[in-house]
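Working through the structure, step by step
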Amino acid sequence: MRESSEKLNNQAIRFAQRGEYFDAIACLKRAITVENSNFLLWFNLGITYRDAGDFKNAKDSMVRSNKLNPYDEEVIEALANLCISQRNFQEAIYYCLNGLEVNNMNPHFWNTLGVIYFNLSDYGEASELFEHAVYLNPYYYDAVFNLRDTYEELGNKVGAEECERILKTLNKDGI
């Protein structure tokens, strides 16, 4: 009987949901031997490595996924966030800019760029980026939250209070 990459992927997801990352990774690696050019398998492997705390293998898997499909916005965003978690801000900027080339209307890329500049203590640039993310999606909780924190750093009490008011009306999932 021939193994199906789809079945192996689904089994890996079930393992990962239970925190059984070693088994999930084994399933995904096996699935990749069946279907090596499936960017989603590499993406799922990257997410599983990330959740297991193995950021080097997570990034390597995401890079492979991105090479197989350089236009997938989730992969690009995950790569940028992995770079941020490793404090590799220049590479994170590179991935965000690539993401904006793919879709400059994606508020996640603007927000992620804002997070980078906030971490670099460039609060003026961060506020502009968060403002743009909120402009694109006024219900984007994380962007409003980040904008509030940035306004606080800038001493913009009125802006921070307005963000706080908006946050009370928003669901964290943006719904």
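I will try to describe carefully the structure that is included in this document. (Residues numbered from 1 in each chain as written. Predicted model: local features only at pLDDT ≥ 70, side-chain atom pairs only at ≥ 80, totals over all residues. Heavy atoms only, no water.)

Under the counting rule described, the total for this entry stands at three aromatic pairs. Aromatic pair Y94 and Y95: ring centres 5.1 Å apart, planes at 75 degrees, arrangement edge-to-face. In this structure Y94 comes out as partly exposed when scored by relative accessible area, which is 48%. The residue whose ring lies beneath R148 is F145, and the NZ or CZ to ring-centre distance is 4.3 Å. (Phe/Tyr/Trp six-rings, centres within 6.5 Å; stacked < 30°, edge-to-face > 60°. Buried < 20%, exposed > 50% of the residue type's maximum accessible area, 1.4 Å probe, protein only. Lys NZ or Arg CZ within 6 Å of the ring centre and 35° of its normal.)

As a further point, take the packing of helix α9 (residues 141-154) against helix α10 (residues 157-169). The description of two packed helices rests on the angle between their axes and on the distance between the axes. Running from N to C, α9 and α10 cross one another at 155 degrees; their axes reach a closest spacing of 8 Å. Considered as vectors, α9 and α10 are oriented roughly antiparallel to each other. Crossing of α9 over α10 shows left-handed handedness. Touching Y141, V144, F145, L147, R148, Y151 and E152 of α9 are G159, A160, C163, E164, I166 and L167, all from α10. (Axes fitted to C-alpha atoms, helices over the stretch in contact; angles between N-to-C directions. Helix = DSSP H or I, 4+ residues; strand = E, 2+ residues; numbered from the N terminus. Parallel < 35°, antiparallel > 145°, perpendicular 65-115°, else oblique. Left-handed = near helix turned anticlockwise from the far one by under 90°. Contact = heavy atoms within 4.5 Å.)

Let us now look at the environment of A16. Along the polypeptide, A16 turns up in helix α1 (residues 5-17). Along the sequence, A16 and V134 sit 118 residues apart, while their C-alpha atoms lie 32 Å from each other. Look past the residues within four positions of A16 in its chain and what remains in contact with it is Y21 and A24.

Examined against the element boundaries, T150 turns out to sit in helix α9. We classify T150 as buried; its relative accessible area is 0%.

Time to look at the nonpolar core. Grouped together as the largest cluster of nonpolar side chains are 52 residues, with contacts concentrated most on L45, M62, L113 and I116. The element that contributes the greatest number of residues to this core is helix α5 (residues 73-85), accounting for eight residues. Discounting residues that sit within four places of it in the chain, I116 has contacts with I84, F89, A92, I93 and C96. (Core = buried A, V, L, I, M, F, W, Y, C linked by side-chain atoms within 4.5 Å.)

A few words now on helix α6 (residues 89-102). With 14 residues, α6 should reach 20 Å at 1.5 Å per residue; the first-to-last C-alpha distance of 20 Å fits that figure. Turning to α6, its buried residues number three or more, namely F89, A92, I93, Y95, C96, G99 and L100. For α6, the buried positions fall inside an angular range of 165 degrees around the axis, keeping them on one side. For α6, the exposed residues set more than 90 degrees away from the buried face come down to Q90 and E101. Its buried side turned inward, α6 meets α4 (55-68), α5 and α7 (107-119). (Expected span 1.5 Å × (residues − 1). Arc of directions from axis to C-beta.)

Here the focus is the packing of α7 against α9. Here α7 crosses α9 at 30 degrees, and the two axes come no closer than 10 Å. With respect to α9, the axis of α7 lies roughly parallel. Once α7 is placed against α9, the crossing between them reads as left-handed. Facing N111, V115 and F118 of α7, the residues of α9 in contact are D142, A143, N146, D149, T150 and E153.

For the rest of this paragraph, the subject is the pattern of salt bridges. What the rule picks out here adds up to seven salt bridges. Between D60 and K56 there is a salt bridge, with the nearest N and O atoms lying 2.7 Å from each other. Of this pair, D60 and K56 both sit in helix α4, separated by four residues, roughly a single helical turn. Take D60: its relative accessible area is 39%, and that puts it in the partly exposed class. (Salt bridge = Lys/Arg side-chain N within 4 Å of Asp/Glu carboxyl O.)

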